[in-house]
Amino acid sequence: MPAILLALLVQGPVVDSAALRHANGLVPPAMTAVRVPRPPAMDGRLDDPLWSQAVPVTDLRQSDPHEGAAVSESTEVRILYTDDALYIGARLFDREPGKIAHHLGRRDSFTQSDDFRVLIDSYHDHRTAFRFDVTPLGVKNDLQFGDDGNFSDNSFDPVWEAATSIDSLGWTAEYRIPFSQLRFSQARDQVWGIRFVRTILRKNEFAMWPFIGKTESGFVSRFGHLLGLHDIPSPKRLELLPYSLARGTYAPVSDPLDPFQKSAAYAGNAGLDLKYGITSNLTLDATLNPDFGQVELDPAFVNLSAFEQFLPEHRPFFVEGADIFNFGGGSGGFLQFGNAPQFFYSRRIGRPPHGGPYDTTATFFDVPENTTILGAGKLTGRSPSGWSLGVIDAVTGREQATGLDTLTGARTHDDIEPTTNYFTARARRTLNGGSDGFGFIATAVNRDLRVPELDFLRTSAYDWGVDFHHRWGGNAYAIAGDFGGSYITGDTTAIQSAQLASARYYQRPDAHAFHYDPARTSLGGFTGDLYLDKLAGDWLAGAATSITSPGFEVNDLGFQRRVDRIANGVYVARHWTKPGPIFREATLIVQGAPSFNFDGDMIQKAIFLNSFGNLRNFWFFSLNAGYNFSFVDDRLTRGGPDALAPANWQLNAFLQTDQRKAVTGSGFGSYQRDHSGGWQGSVGGEVDWRPSSAIALSLAPSYSVGRTTAQYVATIPDSAATATYGAHYVFAQLYQHELDLTLRANATFSPTLSLEVFTQPFSFSGDYGALKQLAAPRSFSFVPYADTSGAIGNQDFRTRSLRVNSVLRWEYRPGSTLFVVWTQSRSGFFGDPSFEVNRDFNRELFRDPPTNVLLVKLNYWMSL
């Protein structure tokens, strides 16, 4: 399939996009770019006579605060181009130039400034767009949109230039966007999608061309047309980004006899990232000896559930262009299913090793923290005929734990992770101006298992799917769906592990739709979703269903917490866009969500009421409430019989102040309670202060406390426990506290030089009550349990941590960056459940021994 689609991408016929738009009844406004013999002077002044050759766009219309009204300050936008680049010039008049909001900030950050945005659909697929923003002080922001605006990627960092200036008439912005940084067809005459957006912060004004009303649907599919582009030479398509890195790690030594523990360790590395434009719309990314370290730290958390914690991806190689690999996801309405599978979860690649050392003679071990990525390649592109293609292939190396026998001096090497190949291919086709489309996805994981100690891993895992969407009635109505399958193979040990996993629990003794088979060497399943929505107008509505069979497995290269579910949802929403005495804009949603497992048990029976919008004073709010009737809980016993979950209700609120002020803030609160007496409450917020145009400070505290009446502790086999299928399912009341603070300080010296410091102290305590066991299946009744054997022991604990991350970033030339990063981490784990803020956040905050890492990384961008 990739070979066929590659041919389509390179040779596909050019579609008359304008005709497709007229077929939908949508006639977009247009502007014309003018070809010039030389580049205009990039000085931010717009006094080069070349600019007078272009007819400007001036008809920007407000989305806020006065929907449909003309922009309050005159705006003129012109476009020129040469053989190499596109030039955009914007004259942003302002009758009070002294009130123009302008602050410094690092690239891709919100700076509380006016800004001007250019959005370009150079593929003209009506689904994908590149956005380029600049503020009056020249701070740049860029991101990429996919799926008609339902997906955005802020890791998109093309190499482009901007020059700005503030004068007595307002301010001006000049852009130079090289054609090499865009992707477009090879047609002689080009038609692109285009949009301009102006933000006037002091007025909370947001104006755009072409205008789209708040009750209308569509984003990229509603852009204007950019005409006049023709005979663009094939731009330079080879970009090289070599890097060099030096790292020093300074860590405490817990055992001075352990030769693998060193108080100071130093390492260096070098590698190369390559980007090659095979054609103007097909790009190959490759990386050799990549540095996939994450500059941004993952947040601290404690996970007491049976399911894996989802963590975001920060690595640019995987994040850039990630929209192509999105699969399914609905038709753009308010229904989203939390357990729907994500076919491609890139953090599987380079993850910590699955196994651990198993040599019994060794005294000490050296265990790698992550799997080494030997190399990775990515092919992405779109054709003028509407096809998009994304292929990723990555190989991770064999990892070993080195053991040392201190008596004999012998060293051993235990395989803890096999050599593995990860492959993902995604293809999509859009039709009728983006209103229709369909696609395919396939993933494959293959492991080279050489030792029986790794037989718990699957030898191979394959997943595939198809999806589609269709919109009609001027994008007002939509239907979307997807269907997929999976197949895993391996030793009986591996398939046993898959059957016993928390996603499915095949060992459940009262299950009827499946059973545990220890002799299996393969497992297969299916998944599917169907959505129907009304997306435009004052009244909105939708319905959806999502089904995943018990045998479906996507977690070798994807992410899904549970299978064996048939989830359903229906909603009605009202959208108010006319300002009233209290609200400027508001949305109210009523939703029902009944769900079942494959045995026919109702595992969710909930109704929700959600609202959000803007107040008259430009504060944002959201208020949500929900009630879940008593339902069958097939996960409470973690592989044991079904239980009942008590009915529960929840209430959540969020409020954010006017973002124009020097001091801004937000706050949230939530409370939930069930009929057994369990409850949880949390409060938090954020305060942001900008004392000067170059300094930004923020403090975000969060505190939660609660009581769980039945927290799972253990399963104790006992043939005499006939009422619960030969085992005691032991629980306890859990009283828990969690407090964390997130502090950020940003100092920006210029648009290309910044310092960011992030600090997060964190504390969590868990106080377990008396042990009890489930009295009977399909109940929420318990009787005391005596741990006479001492197998369970004391479960109480508390933990604390402190994380500090400091990043100096200097873009010393376009596309080339120097990073100086210092991180410090401290943590402690204790056997008592006491929660004392003064102790963990003051008196003993720095008592735990620290690990410090100093990293210097330099890369150099070259275009050949």
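Data block above holds the structure.
Keep in mind that what you see is a predicted model, and the values were worked out from it rather than measured. (Residues numbered from 1 in each chain as written. Predicted model: local features only at pLDDT ≥ 70, side-chain atom pairs only at ≥ 80, totals over all residues. Heavy atoms only, no water.)

Participant: Mind showing me how you'd approach the overall build of the protein here?
Facilitator: When you go through the protein residue by residue, the secondary structure sums to 5 helices and 45 strands. Taking 29 Å as the expected radius of gyration for a compact globule of 864 residues, we find that the protein reaches 29 Å, a close match to that expectation. By its C-alpha atoms, the protein is 90 × 65 × 60 Å across when sized along the principal axes. Sorting the 864 residues of the protein into buried and exposed places 51% on the buried side. Sequence-distant contacts in the protein: of pairs separated by 6 or more residues, those separated by 24 or more amount to 67%. Side chains of the protein carry 76 positive and 91 negative charges; the gap between the two charge centres is 5 Å. (Helix = DSSP H or I, 4+ residues; strand = E, 2+ residues; numbered from the N terminus. Rg over C-alpha atoms; globule rule 2.2 N^0.38 Å. Buried < 20%, exposed > 50% of the residue type's maximum accessible area, 1.4 Å probe, protein only. Contact = heavy atoms within 4.5 Å. Lys, Arg positive; Asp, Glu negative; His and termini not counted. Charge placed at Lys NZ, Arg CZ, Asp CG, Glu CD.)

Participant: Can you walk me through the pairing of strand β37 (residues 679-692) in this structure?
Facilitator: Note on strand geometry: in a regular strand, side chains alternate between the two faces of the sheet. Bridge count between strand β36 (residues 663-674) and β37: 11 bridges; the pairing is antiparallel. Residue pairing across strands places G665 opposite V687, the latter belonging to β37. Where β36 folds back onto β37 in an antiparallel hairpin, the turn is made up of 4 residues, including G677, whose phi is positive at roughly 100°. Examined bridge by bridge, β37 and strand β38 (residues 695-717) share 10 bridges and lie antiparallel to one another. The residue bridging W689 from the neighbouring strand is L697, located in β38. Taking the residues that link successive antiparallel strands as the turn, the β37-β38 hairpin has 2 residues. (Pairing = 2+ DSSP bridges.)

Participant: Sorry, what's going on with unusual backbone geometry here?
Facilitator: Phi is mostly negative for residues that are not glycine, and the peptide bonds are mostly trans. D64 connects to P65 through a cis peptide bond whose omega is 0°. Checked against the element boundaries, P65 lands in the loop between β3 (61-64) and β4 (75-81). Positive phi is not limited to glycine here, since L46 has a value of about 60°. Here L46 shows up in the loop between β2 (34-35) and β3.

Participant: Can you help me understand the pairing of strand β31 (residues 602-615) in this one?
Facilitator: The pairing of strand β30 (residues 583-596) with β31 spans 13 bridges and is antiparallel. The partner of F583 across the bridge, within β31, is L615. What sits between β30 and β31 in their antiparallel hairpin is a turn of 5 residues, with G600 showing a positive phi close to 90°. Of the pairings in the sheet, the one linking β31 to strand β32 (residues 620-628) comprises 9 bridges and is antiparallel in character. By the bridge assignment for β32, S611 is matched with L623. As consecutive antiparallel partners, β31 and β32 are separated by 4 residues, and within that stretch F618 has a phi angle of approximately 70°, a positive value.

Participant: Got a minute to help me understand the nonpolar core in this structure?
Facilitator: Side chains of a nonpolar character, in soluble globular proteins, are inclined to be buried together. In this structure, F116, Y175 and F196 are the most contacted members of the largest nonpolar core, which totals 37 residues. Sorting the residues of this core by element identifies β4, β5 (85-93), β6 (115-121), β7 (129-134), β11 (170-178), β12 (189-200), β13 (205-209) and β14 (224-230) as the ones contributing at least two each. With residues near it in sequence (within four places) discarded, F116 still touches V77, I88, A90, L92, F132, D133, V134, W171, Y175, F196, V197 and R198. Counting 21 residues, the second largest nonpolar core, distinct from the first, contains F325, I488, A511 and L557. (Core = buried A, V, L, I, M, F, W, Y, C linked by side-chain atoms within 4.5 Å.)

Participant: Quick question: what am I supposed to make of the environment of R222 here?
Facilitator: Looking at the secondary structure, you find R222 in the loop between β13 and β14. Given a relative accessible area of 15%, R222 falls into the buried group. In terms of polar contacts, R222 uses its side chain to reach the side chain of E216, at 2.8 Å. (Polar contact = N/O pair within 3.5 Å; in protein donor to acceptor, adjacent residues only side chain to side chain.)

Participant: It is not clear to me how helix α4 (residues 492-500) should be interpreted in this structure. Could you clarify?
Facilitator: Along an α-helix, residues three or four apart share an orientation, since each turn contains 3.6 residues. Three or more residues of α4 are buried, namely A494, I495, A498 and Q499. One face of α4 carries all of its buried residues, which in axial projection span an arc of 135°. Along its buried surface, α4 packs onto β26 (477-489) and β27 (522-534). Sitting at the head of α4, D491 places a side-chain oxygen 2.9 Å from the backbone nitrogen of T493. (Arc of directions from axis to C-beta.)

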